[in-house]
Amino acid sequence: TSVLRIREIVIAEINKKANEIRLLNEKLQAAYEELDTFSYTISHDLRTPLTSIKTYAELLLKNKSVDGNGVKMIERIVLGADKMNLLIREILHLARVGRSEIVFESIDMPEIIKEITTEVWSAFKADNAELILGQLYDLKSDRTMIAQVFTNLIGNAVKYSSMVDNPRIEITSHIEDDEIIYAVSDNGIGIDNRYYDRVFELFKRMDNVKNIDGTGVGLAIVKRIVERHDGRVWFESKLNSGSKFYIALKNR
Ligand code: ADP
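Residues numbered from 1 in each chain as written. Predicted model: local features only at pLDDT ≥ 70, side-chain atom pairs only at ≥ 80, totals over all residues. Heavy atoms only, no water.

- The name given to the protein chain in an unreviewed UniProt entry is histidine kinase, and the organism recorded there is Pedobacter lithocola.

### Side note on the nonpolar core
Stage number 1. In terms of nonpolar packing, the biggest core is built from 42 residues, with Met109, Phe150, Ile154 and Ile247 touching the most fellow members.
Stage number 2. For this core, the element with the most residues is helix 4 (residues 143–159), which contributes eight residues.
Stage number 3. In this structure Ile247 touches Val149, Phe150, Leu153, Ile180, Ile181, Tyr182, Val226, Arg232 and Val233, once residues within four positions along its chain are discounted. (Core = buried A, V, L, I, M, F, W, Y, C linked by side-chain atoms within 4.5 Å. Buried < 20%, exposed > 50% of the residue type's maximum accessible area, 1.4 Å probe, protein only. Helix = DSSP H or I, 4+ residues; strand = E, 2+ residues; numbered from the N terminus. Contact = heavy atoms within 4.5 Å.)

### Overview of the packing of aromatic side chains
Stage number 1. If you walk through the whole model with that rule in mind, you get six aromatic pairs.
Stage number 2. Pairing Phe200 with Phe245 gives two aromatic rings, centres 6.3 Å apart and planes at 80 degrees, and the pair type is edge-to-face. Of the two residues, Phe200 is situated in the loop between strand 5 (179–186) and helix 5 (218–228) and Phe245 in strand 7 (residues 242–250); the sequence distance between them amounts to 45 residues. Across the pair, Phe245 and Phe200 agree in class, each one buried.
Stage number 3. Here the aromatic rings of Phe235 and Phe245 are separated by 5.0 Å at their centres, their planes lie at 25 degrees, and the arrangement is stacked. Of this pair, Phe235 sits in strand 6 (residues 232–238) while Phe245 sits in strand 7, placing them 10 residues apart in sequence. Residues Phe235 and Phe245 agree in their burial class; the two are buried.
Stage number 4. Among the aromatic residues, those joined into a ring-pair cluster are Tyr196, Phe200, Phe235 and Phe245. (Phe/Tyr/Trp six-rings, centres within 6.5 Å; stacked < 30°, edge-to-face > 60°.)

### Details of the site of the ligand
Stage number 1. Not every one of the 20 residues close to the ligand is listed here, only the nearest: Asn156, Tyr160, Arg205, Thr215 and Leu219.
Stage number 2. Within the contact set of the ligand, an oxygen atom lies 2.8 Å away from a side-chain nitrogen or oxygen of Asn156.
Stage number 3. Note that an oxygen atom of the ligand is positioned 3.1 Å from one of the side-chain N or O atoms of Lys159.
Stage number 4. Burial of the ligand by the surrounding chains reaches 98%, relative to a free accessible area of 530 Å².
Stage number 5. Because more than half of its atoms lie within 2 Å of the grid, the ligand is assigned to the largest pocket.
Stage number 6. Considering each element in turn, the shell around the ligand owes the most residues, three residues, to helix 4.
Stage number 7. Taken together, the residues that form the shell around the ligand break down as nine nonpolar, seven polar and four charged. (Near = heavy atom within 4 Å. Polar contact = N/O pair within 3.5 Å; in protein donor to acceptor, adjacent residues only side chain to side chain. Areas by Shrake-Rupley, 256 points an atom, 1.4 Å probe, with all protein chains shown as cover. 1 Å grid on protein atoms, 1.4 Å probe; cavity = no way out; pocket = protein on both sides within 12 Å on 5 of 7 lines; lining within 4 Å. Sits in = over half its atoms within 2 Å of the grid points. Nonpolar A, V, L, I, M, F, W, Y, C, P; charged D, E, K, R; others polar.)

### Here's the deal with a positive patch on the surface
Stage number 1. Together, Arg47, Arg89, Arg96 and Arg99 make up a region of like positive charge exposed at the surface.
Stage number 2. For Arg47, the position within the fold is in helix 1 (residues 2–61). (Patch = residues over 30% accessible without salt bridge, like charges linked within 9 Å, V, L, I, M, F, W, Y side chains within 5 Å. Salt bridge = Lys/Arg side-chain N within 4 Å of Asp/Glu carboxyl O. Lys, Arg positive; Asp, Glu negative; His and termini not counted. Charge placed at Lys NZ, Arg CZ, Asp CG, Glu CD.)

### Some points on the pattern of salt bridges
Stage number 1. Applying the stated criterion across every chain, the model contains 13 salt bridges.
Stage number 2. Residue Glu111 pairs with Arg143 through a salt bridge whose shortest N-O separation is 3.7 Å. Taken as a pair, Glu111 in helix 3 (residues 109–123) and Arg143 in helix 4 lie far apart in primary sequence, 32 residues in all.
Stage number 3. A relative accessible area of 38% means that Glu111 is categorised as partly exposed.
Stage number 4. For Arg143, a relative accessible area of 28% gives the class partly exposed.
Stage number 5. Several salt bridges share partner residues, and in doing so they unite Lys54, Glu58 and Asp82 into one network.

Structure follows, in structure tokens:
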């Protein structure tokens, strides 16, 4: 009987702990939801006044009575408004990931990657960057979210290799067990391995990109989308020689 009694106590203790973990998890989920709603609302509300700032600043630029010095100052205002706009857009994207339902659908990967690379190449005026496309396996997943993941990864690959002589971006995929693993690699400035664990943190940017525009939100979005799909994301990189980002998603 004493063995049975001990068994009962242990089981009761395990159940208690499991319950505590479940409650903590619920609290964490609620906190995430609150944070998403907060970021969503605030980014949304900031948009309207920001649009006025930009519109009126641009109107002032057309005003003949503004002298050269004034023009320079107003141009700074427009530039600042544009940067804020980008940041707001990215935070809205991040908040949306948490708030949207995942809709699984068949995605034609070669087609979607083609669309994205065309957009990215034109946004970064990357005419000199070489694009190598390997085999791209089709995927069953949320089209909008997956497009966002690849837009961010390919955008980074192009942006952070634009300073080398012959930028080269390669996108490939392969199947391993029950996963499809996609890789986006570049021969750009690379990432210092000391900061490996911090690269996916919100707003974190490395020291070697200080004079390149960016917000530090893109990879946080990638991580969140991939995690919502129960997938994995990681990278390999060498400072001054390039980076390779991987995402592994269930082959449904
Ligand atoms: P952003 O590019 O807007 O700064 P991200 O969240 O997309 O923000 O990336 C975070 C940081 O990770 C970047 O600021 C940069 O330091 C580093 N990084 C991301 N992708 C690359 C890449 N392909 N090559 C070099 N550094 C990168």
